[in-house]
Amino acid sequence: QVQLVESGGGLVPPGGSLRLSCAASGIVFSMYDMGWYRQAPGKQRELVASVTSSGSTNYVDSVKGRFTISRDNAKNTVYLQMNSLEPEDTAVYYCSASHAVILYWGKGTLVTVSS
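Because the structure is a prediction, the values reported are computed rather than measured. (Residues numbered from 1 in each chain as written. Predicted model: local features only at pLDDT ≥ 70, side-chain atom pairs only at ≥ 80, totals over all residues. Heavy atoms only, no water.)

A.B. asks: Provide a residue-level description of the packing of aromatic side chains, including the pertinent values.
C.D. replies: Counted under the stated rule, the structure contains 2 aromatic pairs. An angle of 35 degrees between the planes, with centres 6.3 Å apart, marks the rings of Y32 and Y104 as tilted. Of the two residues, Y32 is situated in the loop between β3 (18-25) and β4 (33-39) and Y104 in strand β10 (residues 102-105); the sequence distance between them amounts to 72 residues. Here the guanidinium or amino end of R45 rests over the ring plane of Y94, the centre of that ring lying 3.8 Å away. (Phe/Tyr/Trp six-rings, centres within 6.5 Å; stacked < 30°, edge-to-face > 60°. Helix = DSSP H or I, 4+ residues; strand = E, 2+ residues; numbered from the N terminus. Lys NZ or Arg CZ within 6 Å of the ring centre and 35° of its normal.)

A.B. asks: I'd like a description of the pairing of strand β9 (residues 91-99), backed by residues and values.
C.D. replies: The side chains of a regular strand alternate, first on one face of the sheet and then on the other. Examined bridge by bridge, β4 and β9 share 7 bridges and lie antiparallel to one another. Directly across from Y37, in β9, lies its bridge partner Y94. Of the pairings in the sheet, the one linking β9 to strand β11 (residues 109-113) comprises 3 bridges and is antiparallel in character. Bridge assignment links Y93 to a residue of β11, and that residue is T109. Linking β9 back to β10 in an antiparallel pair, the connection comprises 2 residues, with A100 at a positive phi of about 55 degrees. (Pairing = 2+ DSSP bridges.)

Structure (structure tokens):
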């Protein structure tokens, strides 16, 4: 059974930081490309950052220079370090794992940026 379990969300003031984690089980983690998506109220889900199985990373323009995605294959975990958070970053953040045509999702973790 495949599971992706996100953690680390919460309430943070503007300018603050959070680190999200996504622990994977039931897959050969090192073979999967991993991603972080987010969905704000009334908006479509968007890809925030991704890291391939070989370690290449990609970011949406709005988070470049503020967010960092990383993976630890020994721990089957992908991280999203979020700095200089803005109210516009408020969303449910979802972890994804993809390999060829296979795509798995986590259940999400809520990030709220507010004073």
